[in-house]
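Spelled out from the first residue to the last, the chains are:
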Amino acid sequence: RPSLRAAFEEQPPRLAADAVEGCSKEERVQVLSLFAAWAAVTGEPPRAMILEEMTLELPEVEELAGTLQTCGAQLEEWDMTRCPANDATMRGLFQALGTQPLRRLNLGYNALGPTGACALVGVAPNWVSSLEHLSLEMNGLGDSGCREVAGALARGLLPALRVLELGWNELSATCAPALAALLGRGGSADAGDE
């Protein structure tokens, strides 16, 4: 499988849906586990893992979490774009990521919704001293998800955060005061056009 081999050769490692196309569920779990292990030990810092356009299921995330723990992974960057998952799977993923000293977390285009925002805020204390960049673009957070994230940040949850991307999350003007308050903290916030 050339596309699977290429995923392991890229720096940082990048796994996309085409690399696991035609794999059985068991093979997908194995590939994700091996990929996580590879990302944890290969290349130059910062340690990073990129997933694109893959629907994630709970058994895959559970295996991924076990692999990160077993490898003693210290990922600094997690980039996961267009990887939809149900609420339970996303909560499991966030718990796994909570064990990593992330500096950069990109969760763009994953349809997290307000429930996902709440789950993310629940594990965010694990990154209190490390997370500098959080991208939540195009996740359907709406006003309630935005208020959840903005409220946590206003309480000082992630003091190292310098960049917050919230573009295209179906936000209304009611979120403006919460977002404006964040701008006074010295970071940059991108609330996008909606």
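Here the structure is shown first, and the text comes after it.
Report on the accompanying structure. Since we're looking at a predicted model, the values are computed, not measured.

This brings us to the packing of aromatic side chains. A full pass over the atoms with the stated rule returns two aromatic pairs. Relative to phenylalanine 35, the ring of phenylalanine 8 has its centre 5.4 Å away and its plane inclined at 85 degrees; by these criteria the two rings are edge-to-face. On the criterion of sequence distance, the pair formed by phenylalanine 8 in helix H1 (residues 2–9) and phenylalanine 35 in helix H2 (residues 25–41) is long-range, its members being 27 residues apart. On the basis of relative accessibility, which here comes to 21%, the residue phenylalanine 8 falls in the partly exposed class. Every member of this aromatic cluster is reached through a ring pair, and the members are Phe8, Phe35 and Trp38. Above the plane of the ring of tyrosine 109 lies arginine 82, whose end atom (NZ or CZ) is 4.4 Å from the centre.

Attention shifts here to the pairing of strand E2 (residues 48–52). Taken across its five residues, E2 has four buried, putting it largely inside the fold. Following the chain from strand E1 (residues 14–16) across H2 to the adjacent parallel E2, one finds a crossover that is right-handed. As paired elements, E2 and strand E3 (residues 77–81) share five bridges and run parallel to each other. The partner of glutamate 52 across the bridge, within E3, is threonine 81. Taken together, E2, helix H3 (residues 58–70) and E3 form a β-α-β motif whose crossover is right-handed.

Moving on, we get to helix H5 (residues 113–123). For H5, every residue scored as buried is listed here: Gly113, Gly116, Ala117, Ala119, Leu120, Val121 and Val123. Packed against the buried residues of H5 are helix H4 (87–97), strand E4 (104–106), strand E5 (133–135) and helix H6 (142–154).

Mapped onto the elements of the fold, leucine 102 is located in the loop between H4 and E4. Each C-alpha atom, one on leucine 102 and one on proline 46, is 9.7 Å from the other, the two residues being 56 residues apart in sequence. Residues contacting leucine 102, with those up to four places away along its chain left out, are Leu75, Glu76, Glu77, Trp78, Leu97, Trp127, Ser130 and Leu131.

So, on to the packing of H6 against helix H7 (residues 176–183). Where H6 contacts H7, the two axes come as close as 9 Å, and the packing angle between them is 30 degrees. When the interaxial angle is binned, H6 and H7 end up roughly parallel. Both H6 and H7 take part in a crossing whose hand is left-handed. Along the contact surface, H6 presents Cys146, Ala150, Leu153 and Ala154, while H7 presents Ala178, Leu179 and Leu182.

A cluster of nonpolar side chains, Tyr109, Met138 and Trp168, forms an exposed patch at the surface whose accessible area comes to about 290 Å². Within the fold, tryptophan 168 resides in the loop between strand E6 (163–165) and H7.

Attention now goes to unusual backbone geometry. A cis amide bond, omega -5 degrees, links glutamine 11 with the succeeding residue proline 12. Tracing the backbone shows proline 12 in the loop between H1 and E1. Omega for the bond connecting proline 45 with proline 46 falls within 30 degrees of zero, at 5 degrees, which places this linkage in the cis form. Mapped onto the secondary structure, proline 46 falls in the loop between H2 and E2. A positive phi angle, near 60 degrees, is found at tryptophan 168, a position not held by glycine.

This next bit is on the pattern of salt bridges. Taken as a whole and judged by the stated rule, the model has six salt bridges. The closest approach of N and O atoms between glutamate 52 and arginine 14, which form a salt bridge, is 2.5 Å. Taken together, the positions of glutamate 52 in strand E2 and arginine 14 in strand E1 put the pair 38 residues apart, joining distant regions of the chain. Classification of glutamate 52 by relative accessible area gives partly exposed; the value is 24%. Look at the salt bridges and you will find they share partners, linking Glu10, Arg14 and Glu52 into a network.

Conventions used here
For every chain, the first residue of the written sequence is number 1, and numbering continues from 1 along that sequence. Two thresholds apply to this predicted model, a pLDDT of at least 70 for residue-level local features and 80 or more for giving and counting side-chain atom pairs, whereas whole-chain, interface and lining totals are computed over all residues. Only hydrogens and water are set aside; all other atoms, that is, all heavy atoms of the structure, feed into the side-chain values. We call Phe, Tyr and Trp rings a pair once their centres come within 6.5 Å, taking the six-membered ring for Trp, and we label the pair stacked below 30 degrees between planes, edge-to-face above 60, and tilted otherwise. Here a strand is any run of E in DSSP of at least two residues, a helix any run of H or I of at least four, and the numbering for each starts at the N terminus. Each residue is assigned to one of three classes by its accessible area relative to the maximum for its type, calculated with a 1.4 Å probe on protein chains only: buried under 20%, partly exposed between the two thresholds, exposed over 50%. Two conditions define a charge sitting above a ring: the NZ of Lys or the CZ of Arg must be within 6 Å of the ring centre, and it must be within 35 degrees of the ring normal. By the criterion used throughout, a crossover qualifies as right-handed when its path from the first strand across the helix to the second strand runs clockwise, the strands pointing away from the viewer. Between any two strands, pairing holds if DSSP finds at least two bridges. Two residues qualify as a contact provided that any one of their heavy atoms is within 4.5 Å of a heavy atom in the partner residue. Axis geometry follows a simple rule: fit a line to the C-alpha atoms, using only the stretch in contact for helices, then measure angles between N-to-C directions, giving values from 0 to 180 degrees. Small angles under 35 degrees read as roughly parallel and large ones over 145 as roughly antiparallel, with 65 to 115 read as roughly perpendicular and the rest as oblique. Note: crossing handedness is left-handed where the near helix turns anticlockwise from the far helix by less than a right angle, and right-handed where it turns clockwise. Here, patches come from residues exposed beyond 30% relative accessible area and free of salt bridges, joined within 9 Å for like charges and within 5 Å for nonpolar side chains (Val, Leu, Ile, Met, Phe, Trp, Tyr). Using a 1.4 Å probe, the Shrake-Rupley method yields the accessible areas, and only the shown protein chains count as cover for residues. Here, a salt bridge means any Lys or Arg side-chain nitrogen found within 4 Å of an Asp or Glu carboxyl oxygen.

The values reported here are purely geometric and, on their own, carry no functional implication.
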